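For reference, the chains in residue letters:
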Amino acid sequence: MLFKKTIYWEVNLLFTISHYFGLAPFHYNFKPSPFYILISISFLIITFSDFIFMIIYMETINDTYVLSKFSLILERSQLIIIVTSVIISIIKPLYNIRTFNFIAKTLDNCDNNLKEVGIFISHNRIYSIVLISIKLFSVSVIFICDIILFNTTRNISAFAMEYICTMPLYFNNIVEAQFMVLLNSVQKRFNILTENIILNKNRNYLQKIKQMNVFTKVYNNLIDVCEKINTLYSLQILLIISSIFIITTANLYHVIEKVIKYLTEKKYNDYNLLIMLTYRILLRSTEVWALITSCVNTQEKSPKDFLHLLFIILDKVMFGINMFRAISDFIFL
């Protein structure tokens, strides 16, 4: 199944990467994996331990960034939300493996149903490869720059700070990528339904009825998939968006603070931090834009177009059936 171009193959690369961040505790066929579950539990322990360490020693390790007392309050607040988001992102897949399996099986069934009426889904990984590459690269820039500019691996405290500042970005971006790739898979099938229902206008009534049955079944299955995706990711996305709002607010405050300090004291370290904070703000803003775009494209465009065309064709089919009945009744009177 893995080597055939199915939905399993389509999302396999993304979820393979997710395995090693503790965000996909299952095999390629969405069956539980003890090894990947162990990785998830390990990340849970590491993240929570680092969180406790940071809460206790935040003021002590502040010499790297030299933030004000109010900034430290903001940092503690966003730290709580960030860690909560990470923990939920790791825990939810652990007890929702069946939901992942349901999504994959349902999409696979949709593809098989469409094959019955001569419609074939084009499976490719281009979207997922480009998406996850951009996300991992953008976060890795922060990680590498922090190491170069602030020497964050010089001791345990600095490394703990770097972990809690950078790793949640990896977790969040991978969760977002999973969400967006699954939405893209649904949207692709909605678009194919819409395109083929337009072509269906020129076919005879028997062909239309057969395809309408398949299209309606596939459409209902896709709606079920959307509900399951919402169940899987709604809480994580809510927390991610909330954390982005709070973190961006905190970072904007830090930027203003560092701009004033840089202009008055000309500190080179403040300039470095200013650049990194600005980059973080742009990165998180882009995340919000990408999430909103994915949701809008899937929720509003394809389903509405499909339903509109479906009702038009069904109306024509019913008109033809009624005409046939009327003629039959007239002949056999």
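For every chain, the first residue of its written sequence is number 1, and the numbers climb from 1 along that sequence. Owing to the predicted nature of the model, reporting of local features is limited to residues with pLDDT of at least 70; listing and counting of side-chain atom pairs is limited to 80 or more, with chain, interface and lining totals taken over all residues. Only hydrogens and water are set aside when side-chain values are computed; all heavy atoms of the structure are taken into account.

### Side note on the overall build of the protein
The criterion, for reference: Secondary structure elements follow DSSP: runs of H or I of four or more residues count as helices, runs of E of two or more count as strands, with numbering from the N terminus. The cut-offs for exposure are 20% and 50% of the maximum accessible area for each residue type, with area from a 1.4 Å probe on protein chains only; residues under the lower value are buried, those over the upper are exposed, and the others partly exposed. Only heavy atoms enter the contact rule, under which two residues are in contact if any of them lie within 4.5 Å. Accessible areas in this description were obtained via Shrake-Rupley with a 1.4 Å probe; residue shielding takes into account the shown protein chains only.
Broken down by element type, the protein carries eight helices and zero strands. When the elements of the protein are put in sequence order from the N terminus, they spell out α-α-α-α-α-α-α-α. Split into buried and exposed, the 333 residues of the protein put 51% on the buried side. The contacts in the protein between residues at least 6 apart in sequence include a share of 80% that link residues at least 24 apart. If you sum the accessible surface of the protein, you get close to 16900 Å²; carbon and sulfur atoms cover 68% of it.

### Here's the deal with the environment of V83
On the secondary structure map, V83 appears in helix 3 (residues 69–95). Residue classification places V83 among the buried residues on the basis of a relative accessible area of 3%. Each C-alpha atom of the pair V83 and D50 lies 9.5 Å from the other, and the pair is 33 residues apart in sequence. Residue contacts for V83: discarding those within four places in its chain leaves T47, F51 and I164.

### With respect to a nonpolar patch on the surface
Going by this rule: Patch definition: residues above 30% relative accessible area lacking any salt bridge, with like charges linked at up to 9 Å and the nonpolar side chains Val, Leu, Ile, Met, Phe, Trp and Tyr linked at up to 5 Å. Only one rule defines a salt bridge in this text: a Lys or Arg side-chain nitrogen within 4 Å of an Asp or Glu carboxyl oxygen.
A cluster of nonpolar side chains, F143, I144, I148 and L149, forms an exposed patch at the surface whose accessible area comes to about 350 Å². When you line up the elements, I144 lands in helix 5 (residues 126–150). A relative accessible area of 45% means that I144 is categorised as partly exposed.

### As for the UniProt feature "transmembrane region" (unreviewed entry) in the protein
The condition is simple: UniProt positions are given in the numbering used here, feature names are shortened, and annotations may be inferred rather than shown by experiment.
On the UniProt side, "transmembrane region" (unreviewed entry) is annotated at positions that read residues 7–28, 34–58, 79–97, 126–149, 232–253, 273–294 and 306–327 here. The span residues 7–28 is 59% helix and 0% strand, and its two end C-alpha atoms sit 11 Å from each other. Within residues 126–149, the helical portion is 100% and the strand portion 0%, while the C-alpha atoms at the span's ends are 34 Å from each other.

### Re the packing of aromatic side chains
Heads up, the rule is: Pairing of aromatic side chains here covers Phe, Tyr and the six-membered ring of Trp, requires ring centres within 6.5 Å, and sorts the geometry by plane angle: under 30 degrees stacked, over 60 edge-to-face, intermediate tilted. A ring is scored as having a charge over it whenever the NZ atom of a lysine or the CZ atom of an arginine sits within 6 Å of its centre and within 35 degrees of its normal.
Counted under the stated rule, the structure contains 16 aromatic pairs. Pairing F15 with F26 gives two aromatic rings, centres 5.8 Å apart and planes at 50 degrees, and the pair type is tilted. Of this pair, F15 sits in helix 1 (residues 7–19) while F26 sits in the loop between helix 1 and helix 2 (34–57), and the two are eleven residues apart along the sequence. Each member of the pair, F15 as well as F26, carries the same accessibility label: buried. Here the aromatic cluster, defined as three or more aromatic residues joined through ring pairs, consists of Y8, F15, F26, F30, F100, F179 and Y233. One Lys or Arg, K228, reaches over the ring of F102 and ends 5.3 Å from the middle of that ring.

### Some details on the side chain of E176
What counts is decided by this rule: Between N or O atoms, a polar contact is any pair within 3.5 Å; within protein, one atom must be a potential hydrogen donor and the other a potential acceptor, and residues adjacent in sequence are included only when both atoms are from side chains.
Note that E176 resides in helix 6 (residues 156–199). A distance of 2.9 Å separates polar atoms of two side chains, one belonging to E176 and the other to K135. Beyond its immediate chain neighbours, meaning those up to four positions away, E176 contacts K135, I240, E287 and L291.

### Describing unusual backbone geometry
Negative phi values dominate among residues other than glycine, just as trans dominates among peptide bonds. The phi torsion at F30 lies on the positive side, around 65 degrees, for a residue other than glycine. Structurally, F30 is set in the loop between helix 1 and helix 2. For F30, a relative accessible area of 4% corresponds to the buried category.

### What about the packing of helix 1 against helix 4 (residues 97–116)?
For any two helices packed against each other, the geometry comes down to the angle between their axes and how far apart the axes lie. Filter applied, for reference: To obtain each axis, a line is fitted to C-alpha atoms, and for helices this fit is confined to the stretch in contact; angles are then taken between N-to-C directions over 0 to 180 degrees. Amino acid classes used here: Ala, Val, Leu, Ile, Met, Phe, Trp, Tyr, Cys and Pro are nonpolar; Asp, Glu, Lys and Arg are charged; the rest, including Gly, are polar.
Orientation of helix 1 relative to helix 4, taken along the N-to-C sense of each, is 145 degrees, at an axis distance of 9 Å. Of helix 4, the residues touching helix 1 (which contributes I7, Y8 and F15) are F100, N101, A104, K105, L107 and D108. Each residue belonging to the contact of helix 1 with helix 4 can be placed in one class, and the counts come to six nonpolar, one polar and two charged.

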